[in-house]
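One letter stands for each residue in the lines below.
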Amino acid sequence: MQARPDMPGFYAFYGNLKHYQIIWADAAEPIASPLVGWDKLDLLMAYVYSMYDPPPRHYLYDPTISLTKAKHGFDPANVTYTIVSPPPRPPPRLGRNKGKGKLPADDNHKPRTRVYQHCKPVHWGAMWGRRSMVFIGQPRDNPDSFAVIKNSYRSDRRRFIEVNIIDHIHAKGTVPGVVRLINGPGSTNIQVEGGVLCTALRSSELAGRTLDRLEMRSRGLPLQKARSLLDLLKAAYDALEVHRFLVLERSVLHRDLSIKNILMYPEHEEGPGKETFIENPPKFIDEILPPFRQRDNSKDYSRGMLIDFDNSSMLGGDVGKELTLKTGTPKYISRAVAAQRLIVDRSAKNYAPMPKLLKQRARALYKRVYGNDTYERYCNPPSGGVFHGGSLPDLKTLDQGTTDEDDEKFLEALCDELNESPSSFPNQEEQLVKDPQPEPQLPTGATPGSPQPPTPFYHRMDHDAESLFWILFHALLRAQPSGVPMEDHNSILSGAWAIFSQHAILADGKVKDTRTYFLSLSELECQEHLHPKLAHVAPFLAKMIEQVNPEYGYLDPPPCQEHLHEAMRRLLLDVIVEITENKSDVALDPDHQRPVDGWDDELPTAKTGGTAGTGNGKGKRKRDEGDDDTAGGSSKRINSPYETRTSANYVSMPVAG
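Rules of the game
Residues numbered from 1 in each chain as written. Predicted model: local features only at pLDDT ≥ 70, side-chain atom pairs only at ≥ 80, totals over all residues. Heavy atoms only, no water. Pairing = 2+ DSSP bridges. Helix = DSSP H or I, 4+ residues; strand = E, 2+ residues; numbered from the N terminus. Axes fitted to C-alpha atoms, helices over the stretch in contact; angles between N-to-C directions. Phe/Tyr/Trp six-rings, centres within 6.5 Å; stacked < 30°, edge-to-face > 60°. Buried < 20%, exposed > 50% of the residue type's maximum accessible area, 1.4 Å probe, protein only. Lys NZ or Arg CZ within 6 Å of the ring centre and 35° of its normal. pLDDT = per-residue confidence, 0-100. Contact = heavy atoms within 4.5 Å. Salt bridge = Lys/Arg side-chain N within 4 Å of Asp/Glu carboxyl O.

What follows covers the sheet that holds strand 6 (residues 81–85). Spatial ordering of the open sheet is given by 5-6-7-8-9-12, a layout of six strands whose pairing is antiparallel. Looking at strand neighbours, the two that pair on one side only are strand 5 (65–67) and strand 12 (209–216), the edges of this open sheet. For this sheet, the mean inter-axis angle between neighbouring strands, taken without regard to orientation, is 30 degrees. Note: strand 5 against strand 6, three bridges, orientation antiparallel. Opposite Ser 66, over in strand 6, you have Thr 82 as the bridge partner.

Here's what the structure looks like:
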């Protein structure tokens, strides 16, 4: 299906000597008729008829995308497309869909269309679900520029829509460090005769999907393409600042940060008219380090750019249901979000104080930009018991709130009620030896020996900060220094990558997160996991682990929502200043990663470059409130060509006439 983005849906025919079957597949899922004997040909005739006159919503062609005709024969390695995006217009109501629709127009007005040529696919998502596909091409009216086009089938049950989120972010002016659009709200749907291009199946079990097309004028490279260690750390710093700004100033929580959703070396094409930036953008690393760049609100100084907002949520008011669901990319999703509860590992209560900037130069640079009051506000008081501004629960509440004397009085009252003697009760200690009792079931979010957590689980700002840590851990773990021979075999690296890359988001939150292994690494162990040329980054990585590991949801009162961003910002600034002062930057190979044994999804690819919208990595599995938040339960998705969803009535199958 991904090989033909111009075909929203497909009919398929299966037959043997006894039976035949008709299958329809689009982005929602494949659905199959029951096996029908050859003595019943009505269904077969309906199938043939539907090739010429498909039923409503069974779209066989997308009239806005077509294969580019090759001058010298078809070359599968260099397939490109021509994409046409018309402006928003109400679709004509022509009754029955004729399959191969036409662009909406009337006799008095011909809409102006945007045409993109030589659009090369740079990303393919899974066949079912969003079926995302990203192209990079050239506007026909300006072939020297570029455009990034993202097609995805959005669930009709989704509360927030990506184009609306991005439009909201830039509503008061362009926000540096965020992808920019060519088209806006109301112009992302593909309109054909009969309505808007969408999937066929709609039921109480499975939401329908509508094709959205985002046209973007921003692109960049994923973090694996970093040309130096400092470039990587600076991009992470700026991405952290952009994310912080979006939550605090735009009430937008990304919820799906991954190594392909943060782009470095960003490029932007000019928009229509003069670009107007916001008055108080985030402060980026190039404005903090000398030579100091003077603040110019007409320029974008960000080294990191956030893309792929199709899982984002607008904050404000009550916690929406989408914030309680599992959403993210398996390698990088926060542990709490993956488990859909507060972290219950004992080590998650080992809190570390807010880090202080150890380098005097880093401290001076921080205070120059953010001020001394900001620096002191986040520091912990000397009295102890306060971490990141949040306090540990009162130790007196860790027991059941009763004493031995209270228990004796309760036992006497119980004996009077049952008209029994206390001696008739077995000795509890002897009973435990003879017949050990099962460990009591902990309430959701509780840890052994702790009270019910003061903060219920929901996707918080610091969960996204943890995702950024996993992204940085991945980038440093696999970073290959330039001009250094590739390692033949590294058992520590291969074992670590196997643990990290195979982490999956499971429906059962009781499964232990295997990535916890990395959160127990000491400074020396961090050094053993990194390339020898990057050993001097190990202290920084160990300090990051100290800050990311704890579950801050148990603190009461809780810390401010940006507390982990602040801790990570300080550690990043400290290590960036140290590397700059010591002149210990390391050139990296942007085209190769450190080799690992076994399966590897990070093999070098063709230099198509990462682009805005290439966020959904290969093999990605995640919970999507639009995909799985269904009325009455989740649908059965078909993951194998030999497994099909069948229906006795099969109401979605074509009916002749």
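Turning our attention to the packing of aromatic side chains. A complete count under the given rule lists 22 aromatic pairs for this structure. Where Trp 470 meets Phe 500, the ring centres are 6.1 Å apart and the plane angle is 40 degrees; that geometry is what we call tilted. Within this pair, whereas Trp 470 is found in helix 10 (residues 461–478), its partner Phe 500 is found in helix 11 (residues 491–501), the two being separated by 30 residues in sequence. A relative accessible area of 0% means that Trp 470 is categorised as buried. Look at Phe 500 and you get buried, because its relative accessible area is 0%. Joined through ring pairs, the aromatic side chains of Tyr 332, Phe 469, Trp 470, Phe 473, Trp 497, Phe 500, Tyr 517 and Phe 518 make up one cluster. Just above the ring of Trp 497 sits the side chain of Arg 478; from NZ or CZ to the centre is 4.6 Å. Looking at Arg 569, its charged tip hangs above the ring of Tyr 370, at a distance of 3.9 Å from the centre.

For the rest of this paragraph, the subject is the confidence of the model for the protein chain. Model confidence for the protein chain is summarised by a mean pLDDT of 78, while 74% of its residues fall at 70 or above. Taken together, the stretch residues 604–626 has pLDDT below 50 and engages in 86 contacts with residues farther than four places along the chain or on a different chain. Note on residues 628–657: pLDDT is under 50 here. Beyond four places in sequence and across chains, it has 63 contacts.

Quick look at the pattern of salt bridges now. According to the stated counting rule, one finds 27 salt bridges in the structure shown. Here Asp 6 makes a salt bridge to Arg 4, at a shortest N to O gap of 2.8 Å. Exposure remark for Arg 4: the relative accessible area of 32% places this residue in the partly exposed category. Two residues, Asp 212 and Arg 154, come together in a salt bridge whose shortest N-O distance is 2.6 Å. You can see Asp 212 sitting in strand 12 and its partner Arg 154 sitting in strand 9 (residues 147–155), a full 58 residues away along the chain. Like Arg 154, Asp 212 is buried.

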